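Residue-level structure breakdown
The residues making up each chain are set out below.
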Amino acid sequence: MTTKRCWPKHKLSEVADLCLGKMLDKNKNKGELHPYLGNIHVRWGMFDLGNLPQMRFEKHEHERYGLKRGDLVVCEGGEPGRCALWNDQVPNMKIQKALHRVRSHPCLDSQYLLYWFLWAGQRSYFDQFFTGATIKHLPGEKLAMVEIDLPDLPTQHKIAGILSAYDDLIENNLRRIKILEQMAQSLYRDWFVHFRFPGHESARFTDSELGKIPLGWKTTDLAAVCVKDKGIQTGPFGSQLHESDYSVEGVPVVMPKDLIGFRIRTDTVARIPEETADKLIRHRMKLGDIVYGRRGDIGRRAFIMPHQVGWFCGTGCLRIRPDPDAVNGWYLFNFLGQDNVASLIAGRAQGVTMPNLNTGILSSVPVTLPPKLIQEQFAKLSFPFAQHRESLQSSIKNLRNTRDLLLPKLLSK
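Presented here is a report on the structure given in the accompanying data block. (Residues numbered from 1 in each chain as written. Predicted model: local features only at pLDDT ≥ 70, side-chain atom pairs only at ≥ 80, totals over all residues. Heavy atoms only, no water.)

1. Things to note about the nonpolar core
Keep this limit in mind: Nine residue types can take part in a nonpolar core, namely buried Ala, Val, Leu, Ile, Met, Phe, Trp, Tyr and Cys, and a core is a set of them joined through side-chain atoms within 4.5 Å. Accessible area is worked out with a 1.4 Å probe on protein chains only. A residue is then buried under 20% of its type maximum, exposed over 50%, and partly exposed in between. Each helix corresponds to a stretch of at least 4 residues labelled H or I by DSSP, and each strand to a stretch of at least 2 residues labelled E; elements are numbered beginning at the N terminus. It only takes one pair of heavy atoms within 4.5 Å for two residues to be counted as in contact.
Residues Leu222, Ile320, Leu332, Leu336, Ile345, Leu357 and Leu362 are the most contacted members of the largest nonpolar core, which totals 40 residues. Of all the secondary-structure elements, those providing two or more residues to this core are helix H5 (153-193), strand E20 (290-293), strand E23 (317-320), helix H7 (329-336), helix H8 (339-348), helix H9 (359-363), strand E24 (366-369) and helix H10 (372-411). For this core, the element with the highest residue contribution is H7, accounting for six residues. Apart from the residues lying within four places of it in its own chain, the contact partners of Leu332 are Leu222, Val225, Ile290, Pro322, Val327 and Val367. Listed in part, the 33 residues of the second largest apolar core include Leu85, Trp116, Leu143 and Ile159.

If you want it as structure tokens, here you go:
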């Protein structure tokens with residue numbers, strides 16, 4: 001590649017077709033149910049495809065709002081310009097109005113376009129096209145005016161090939177993570193849902209609040225298996241932690257938005273200085289704590305791993321601190337994620353437009369307790385899956401950082 005580039009610029013509307021997603025209204029929409037993406041499912045360079053919603057789309061809407069391999073999905077609001085490339089991860093996927101679909105013409109390599117967008121996002125290039133004083137938007141007519149650098153196709157392919165090698169490694173690690181998660185979930189279901197735990201052959205059963213359980217197992221409430229002093233507590237109120245308290249470096253502050261895929265994502269995590277965190281030390285988390293999102297998408301949670309000790313439970317979250325004498329924390333974390341338990345918790349959440357949890361609601365959640373030995377055996381077998389997952393996530397972060405460092409070297413003039 002030459003050191004001096006004189007690539008022509010083209011407006012996006014000249015080299016791609018643009019379409020804004022569908023305005024969704026469950027009371028008006030007709031047709032068959034299809035999964036759809038909102039802006040919460042799009043991150044910089046990747047999708048979060050957990051808990052996909054569905055809405056009705058009519059046949060004549062499939063082409064307009066449907067996604068095809070190679071489509072670039074771009075956020076219109078939230079964090080305008082955030083984008084990822086669609087590769088048919090889920091069949092019949094549609095988009096709603098919070099997203100733009102950008103479909104490249106033959107003169108534009110779709111992977112090159114993705115990397116150009118990631119590079120433009122690094123430079124805050126899209127800011128000049130935003131509308132809105134407090135909530136930023138990137139409307140279609142503004143997106144159409146975005147000017148991209150367009151080398152010839154062989155050069156586009158070469159740039160995309162270099163950068164996609166990193167994404168291929170990232171994708172491979174993501175597949176391995178998914179397998180690890182499936183293995184852990186399968187082990188839990190086998191032992192504690194289908195009751196094929198060690199020694200199950202001689203088990204007899206009795207009724208409980210959560211259905212039939214083996215004799216000798218117990219049921220109690222969540223508060224009873226947490227430490228006595230503030231075993232379940234909310235993050236600090238806004239009056240305790242102000243916007244001016246946040247800093248570029250320091251202690252990570254875990255918010256509901258950071259709870260992705262039952263772990264803590266740190267790419268957009270806020271931070272506060274060490275001394276600020278120490279002033280509110282009761283909100284700093286310990287190994288084995290469970291941090292829970294208490295607003296919006298009820299059920300988001302993460303288990304505090306060794307490298308996350310001392311992180312801060314932020315506003316909008318709840319911290320659960322299991323009593324190790326009463327329950328194995330890793331068993332409890334998995335128990336809270338089972339469908340019937342998650343549905344029970346979500347059903348108790350208060351609020352019509354924005355569901356909320358509080359300490360009282362969580363305290364009364366029923367918990368099934370197998371013998372401690374069985375809990376410990378489960379943790380010994382399955383917790384290494386979580387540790388390996390964290391190692392793979394660290395590798396993904398390093399690969400993504402290396403790729404992003406290459407972006408300006410390959411795309412800037």
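2. Things to note about the packing of aromatic side chains
Spelled out, the test is: Pairs were defined over the aromatic rings of Phe, Tyr and Trp, the Trp ring being its six-membered one, requiring ring centres within 6.5 Å. Orientation was assigned from the angle between planes: stacked under 30 degrees, edge-to-face over 60, tilted for the rest.
Counted under the stated rule, the structure contains 24 aromatic pairs. Summarising the aromatic geometry, the rings of Trp191 and Phe378 are spaced 6.3 Å apart at their centres and angled 55 degrees between planes, so their arrangement reads as tilted. With Trp191 in helix H5 and Phe378 in helix H10, the pair connects residues that are 187 residues apart, well separated along the chain. Within the aromatic cluster, the residues linked to one another by ring pairs are Tyr188, Trp191, Phe192, Phe195, Phe197, Phe205, Trp217, Tyr331, Phe335 and Phe378.

3. Remarks on the packing of H5 against H10
Quick reminder of the rule: All axes here are fitted lines through C-alpha atoms, helices being fitted over the stretch that makes contact, and every angle between N-to-C directions spans 0 to 180 degrees. Throughout, the term roughly parallel applies to angles under 35 degrees, roughly antiparallel to angles over 145, roughly perpendicular to angles from 65 to 115, and oblique to all others. In a left-handed crossing the near helix is turned counterclockwise from the far helix by less than a right angle, and in a right-handed crossing that turn is clockwise. Residue type decides the class: Asp, Glu, Lys and Arg count as charged, Ala, Val, Leu, Ile, Met, Phe, Trp, Tyr, Cys and Pro as nonpolar, and the leftover types, Gly among them, as polar.
Where H5 meets H10, the axes come as close as 9 Å, and the angle between the chain directions of the two elements is 165 degrees. Comparing the axis directions of H5 and H10 gives the class roughly antiparallel. As for how H5 packs across H10, the hand of that crossing is left-handed. Classifying every residue of the contact of H5 with H10 gives 26 nonpolar, seven polar and six charged.

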